[in-house]
Amino acid sequence: MMNTGQLSNNKLLDMVFESTYYGIVIVDSHAKIQYISNKYCEFLNVERSTVIGEHVTNIIENTRLHLVVQIGKSEIADIHFLRGDFVIANRIPIIENKEIIGAIGTIMFRDLDDWNKMNSHIKEILTKHNFYKNERDVINGVKYSLHNLIGNSQEIQQLKELVKRVARGDISVLIRGESGTGKEIIAHSIHQLSGRSDKPLVKINCTSIPEHLLESELFGYEEGAFTGANKGGKIGKFQFADGGTVFLDEIGDMPQHMQVKLLRVLQEKEFDPVGSLYPKKLNVRVIAATNRPLEKLVEEKLFREDLFYRINAVQLFVPPLRDRIEDIPVLVDYFLKKVTARIGKRVTSVHPEVLSVIEQYNWPGNIRELENVIDAGVHLSNDEVIGKDALPDYLKRHNVKMKEESLKDIVEETEKKAIERALRRFKFDKKRVAETLGIGNSTLYDKIKKYQISDQ
Ligand SMILES: Nc1ncnc2c1ncn2[C@@H]1O[C@H](COP(=O)(O)OP(=O)(O)OP(=O)(O)O)[C@@H](O)[C@H]1O
């Protein structure tokens, strides 16, 4: 416990601290407030006489002083969200004879007016910075780079290596994977690592543009091309991307008449704006993404085979989250930091029970779904640790399997997952799956039957 006798001369402390630009609070080893400067009280809008002796967490939101007296480590220039604003906070333990007897916390301001001015000044700088950054990204179209692709699993590490390798060339890339697995991050990363990075990346979502507008949106039109056409015509997305990259998301949904035109862009490197008499030359790299079985669409004659081979020069497969659960802890941590930094709330981890639920759920919406769950968890949590009560109902109801499984269960579960993963990876080509897994065809068929795995 702090020797309060040393601090009894509050008048002297007041004289020193009220003439500085800091708000100061001193707590004892139980995190109870022993001293707090008048200016800090004014800033917090609390009555000084009522807060002395109170636990610091009852008076200062998002404080960490109670942790500093436990851990004994200084925290310098930490961003602290306080009364609706960000302040710069220092927290220093007071150590006597190797024992933590308390801690000092400071936040920096001059007076309330100065603080308000300074804060609005910082906000203005931040707003400008964000504005220019967003402007650049809008002009350039780039939102992500490879370091946004989080994951320690072998699959993600290999994928990152492949992205770096294919980025340099001009080759078309087809990115496959379920919805929400990070295909767009990969497309952005390829563009950003390529020689085209100073030119635009233009995303075209093939499902979101109405079919009758698709051609003019993609290839533009000449003046007078149709009633209602803009004077001077309109430049299409492909032309806007000239020199850069076009990212065709959900390419499996591209209507067939547009598939022909796309093929021409890829083969002849030219296109016809609607209503134009002459073709225009174009230099774009195409990256396409899909979560649909393109081979099947080709078989059903819904997707052109020649286009399929053109866009499929290099194929990248992003595995679903359920197949790389080793990525879950780092992803959870990443999203926790992202959300807490955005909303200024202190939530540091998820309860081990929640982590078990998360690891055993099958995540049909993949990482997008996980991000939403963590986002909601941070908002709903009353604690620094997200508990099961802050999970959505469908996850709360999800029964966690007992961890004490027999070795046989664990081996079988692993075997089943490995077969499922390989089947998806090789698009249910069982011969390749059997070869890769080093088992005979008939063994593979037996196991598919035993584990009741859907084999198409
Ligand atoms: N490995 C990852 N690390 C960090 N964030 C990720 C990762 N994968 C996906 N995300 C995040 O998940 C969300 C969905 O990712 P993205 O849009 O790239 O998925 P997608 O596969 O293109 O989905 P869709 O097929 O539905 O368009 C985004 O917010 C993205 O930032």
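None of these values were measured; they are calculated from a predicted model. (Residues numbered from 1 in each chain as written. Predicted model: local features only at pLDDT ≥ 70, side-chain atom pairs only at ≥ 80, totals over all residues. Heavy atoms only, no water.)

*Asks:* Describe the packing of aromatic side chains, listing the residues and the values that go with them.
*Replies:* Considering all chains together, one arrives at 6 aromatic pairs under this definition. Seen in terms of ring centroids, F219 and F238 are 5.1 Å apart; in terms of plane orientation they differ by 20°. Their pairing is stacked. Taken together, the residues F219 in helix α9 (residues 211-219) and F238 in helix α10 (residues 237-240) connect sequence positions 19 residues apart. With respect to burial, F219 and F238 carry one shared label: buried. (Phe/Tyr/Trp six-rings, centres within 6.5 Å; stacked < 30°, edge-to-face > 60°. Helix = DSSP H or I, 4+ residues; strand = E, 2+ residues; numbered from the N terminus. Buried < 20%, exposed > 50% of the residue type's maximum accessible area, 1.4 Å probe, protein only.)

*Asks:* Before we move on, could you go through the packing of helix α18 (residues 407-425) against helix α20 (residues 441-450) and cite the residues and values that matter?
*Replies:* Across the interface, α18 lies against α20 with an axial gap of 11 Å and an inter-helix angle of 110°. Classified by the angle between their axes, α18 and α20 sit roughly perpendicular to one another. You can see that α18 and α20 cross each other, and the crossing is left-handed. Residues E412, E415, I419 and L423 of α18 lie in contact with α20, whose contacting residues are L444, K447, I448 and K450. (Axes fitted to C-alpha atoms, helices over the stretch in contact; angles between N-to-C directions. Parallel < 35°, antiparallel > 145°, perpendicular 65-115°, else oblique. Left-handed = near helix turned anticlockwise from the far one by under 90°. Contact = heavy atoms within 4.5 Å.)

*Asks:* Tell me about the sheet that holds strand β8 (residues 245-249), residues and numbers included.
*Replies:* Spatially, 5 strands are ordered β7-β8-β11-β6-β12 in an open sheet, and the strand pairing comes out parallel. Both outer strands of the open sheet, β7 (201-205) and β12 (314-317), are each paired with one neighbouring strand and no more. In this sheet, neighbouring strand axes are inclined to one another by 20° on average, regardless of whether the strands run parallel or antiparallel. Judged from the 4 bridges that link them, strand β6 (residues 173-176) and strand β11 (residues 285-290) form a sheet pairing that is parallel. Bridged to I175 within β11 is A289. Along the sheet, helix α8 (residues 183-193) contacts β6, β7, β8, β11 and β12; its crossing angle with β11, the most-contacted strand, is approximately 170°. (Pairing = 2+ DSSP bridges.)

*Asks:* Could you give an account of the pattern of salt bridges, naming the residues involved and the relevant values?
*Replies:* Inspection of every chain in the model, using the stated rule, returns 28 salt bridges. Between E412 and K450 there is a salt bridge, and its shortest N-O distance comes to 3.2 Å. Here E412 is found in helix α18, whereas its partner K450 is found in helix α20, with 38 residues between them in sequence. Under the relative-accessibility criterion, K450 is labelled partly exposed at 47%. Notably, a salt bridge pairs E435 with K431, separated by 3.8 Å at the nearest N-O pair. (Salt bridge = Lys/Arg side-chain N within 4 Å of Asp/Glu carboxyl O.)

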